[in-house]
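Descriptive structure summary
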Amino acid sequence: MPKPPRPTSNGGITKSNPYVGAAARKPAKTGGSNNNIFKMNTDIGQHILKNPGVAQAIVDKADLKQSDIVLEIGPGTGNLTARILEKAKKVIAVEQDPRMAAEVTKRFQGTPQGKRLELILGDAIKMEKFPYFDVCISNTPYQISSPLTFRLLATSPSPRSCILMFQREFAMRLFAKPGDKLFSRLSVNAQMWAKVDHVMKVGKNNFNPPPQVESNVVRITPKNPRPRVSYDEWDGLLRICFVRKNRVLRQAFLGTTSVMDMLEGNYRTFCAQNDILLDDSPLDPAAAEASMDVDMAPAEDEAEEPSAMDLDDEDDVPSFFKEPAPRMKTPARKARGRVSALVRAKVNKVLTTDTQLENKRARLCDEGDFLRMLVAFNEEGIHFA
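Just so it is clear, the model here is predicted, and its values are computed rather than measured.

Procedures and definitions
- Position labels on residues start from 1 in each chain and follow its written sequence.
- Reporting in this predicted model follows two pLDDT cut-offs: at least 70 for local features of residues, and 80 or more for side-chain atom pairs to be given and counted; totals over whole chains, interfaces and linings ignore these cut-offs and use all residues.
- Calculated side-chain values reflect all of the structure's heavy atoms, with hydrogen atoms and water omitted.
- Strand pairing follows a simple DSSP-based rule, namely that at least 2 bridges must link the two strands.
- Helix numbering and strand numbering both begin at the N terminus, where a helix is a DSSP run of H or I of at least 4 residues and a strand a DSSP run of E of at least 2.
- Axis definition: a line fit to C-alpha positions, over the contact stretch in the case of helices; interaxial angles, taken between N-to-C directions, run 0 to 180 degrees.
- Throughout, a contact is declared for two residues whenever any of their heavy atoms are within 4.5 Å.
- Every residue gets a pLDDT, meaning the predictor's confidence in that residue, from 0 to 100.
- Criterion for a salt bridge: a side-chain nitrogen of Lys or Arg within 4 Å of a carboxyl oxygen of Asp or Glu.

1. Concerning the sheet that holds strand 4 (residues 117-121)
Judged by pairing direction, the sheet is mixed, and its 7 strands sit side by side in the order 4-3-2-5-6-9-7 without closing on themselves. Across the chains shown, the open sheet's two edge strands, defined by having one partner strand only, are strand 4 and strand 7 (194-202). This sheet shows a mean twist of 20° between the axes of neighbouring strands, independent of strand direction. Looking at chain direction, strand 6 (residues 161-167) and strand 9 (residues 215-222) are connected through 6 bridges and run antiparallel. In the sheet register, Ile163 faces strand 9, and the bridge partner there is Arg219. Against the sheet, helix 5 (residues 145-154) touches strand 2 (69-73), strand 5 (135-139), strand 6, strand 7 and strand 9, its axis set at about 170° to strand 6.

2. Digging into the confidence of the model for the protein chain
For the protein chain, per-residue confidence averages 82 on the pLDDT scale, and residues scoring 70 or more make up 75% of the total. In the predicted structure, residues 7-36 sits below a pLDDT of 50 and forms 9 contacts with residues beyond four places in sequence or in another chain.

3. A word on the pattern of salt bridges
In this structure the tally under the stated criterion is 17 salt bridges. A salt bridge links Asp280 to Arg268, with the nearest nitrogen and oxygen atoms 2.9 Å apart. Residue Asp280 is found in the loop between helix 10 (257-273) and helix 11 (285-291), and its partner Arg268 is found in helix 10; the two are separated by 12 residues along the sequence. Look at the salt bridges and you will find they share partners, linking Lys346, Lys349, Asp354 and Glu380 into a network.

So this is what it looks like as structure tokens:
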């Protein structure tokens with residue numbers, strides 16, 4: 001007759017999994033529904049994705065290969081990590097919070113998956129360089145959405161794709177098209193360097209603790225090879241165009257004194273670097289008046305105070321994405337003269353003759369329009385950096 005099993009005194013814990021019996025031994029709380037191991041720090045964007053169906057859908061959308069190395073930013077407690085390890089060769093997880101890093105380590109310690117997990121403790125944005133990876137998957141802390149996006153776009157060699165969770169409004173700005181309400185400088189910049197697609201919506205109740213906003217998952221596929229365009233020049237042009245995105249481009253350039261002063265200073269520097277002599281004599285009153293003979297009357301919708309959506313975005317793009325190039329400073333100059341009139345004539349020629357975009361608004365321009373403008377300005381010796 002077989003002997004009955006001997007009772008154990010370890011509460012159901014086995015050596016292979018020492019955490020199985022922890023929940024059984026812990027008395028249930030009667031006053032709350034939160035069963036966290038520790039309190040989440042929402043100040044640094046800690047909102048753990050708790051819905052396994054959503055986590056699986058995100059990994060499925062990444063189209064992972066068995067040979068892929070995946071970079072995960074902010075693994076949290078490892079809910080996404082576990083599913084990535086089922087499909088990828090290796091996961092490199094970057095976690096800023098030591099408590100979270102310890103939790104992920106414990107979760108995979110002693111398992112076959114743990115041998116394919118590399119955990120880096122630190123701030124992903126402050127890392128000098130990302131290790132090589134094929135795909136990035138991240139439940140992104142909302143506070144680093146913009147710098148992480150452009151850090152990934154600046155990575156060389158470029159990853160195959162990035163599947164990123166963002167705050168809904170930020171995500172919509174990334175893939176907004178010309179004419180959309182959220183179309184902005186960020187939209188043009190992101191779409192210049194990558195193809196951006198909307199993947200899925202994720203409600204706030206899928207997180208613990210729930211954030212105050214809804215989320216979206218986007219797929220960012222960097223263009224390879226990268227466009228051969230100077231980022232400083234490109235972004236300098238966009239900054240001028242999107243100061244008031246509902247303003248016609250003629251007004252954005254010729255109707256803004258600070259813009260014309262900056263372009264004149266850059267033109268003087270360009271001429272000095274290329275040994276081009278300039279006639280810096282003052283204009284006679286009649287010629288000066290003729291050089292200012294540009295219709296600067298605002299359109300009907302420009303006479304009103306600009307709304308918040310009309311204003312340019314905050315400085316979305318981090319400095320490390322920009323190519324190292326010396327900024328051109330505006331040299332001291334005399335009163336407005338022939339150089340000022342020449343620059344004004346060049347800007348007017350680009351907008352009216354070369355591109356015929358003088359009456360178009362930035363929010364309605366596409367990538368091709370901005371590229372045509374940049375090429376035409378550069379051909380005239382007008383630069384934005």
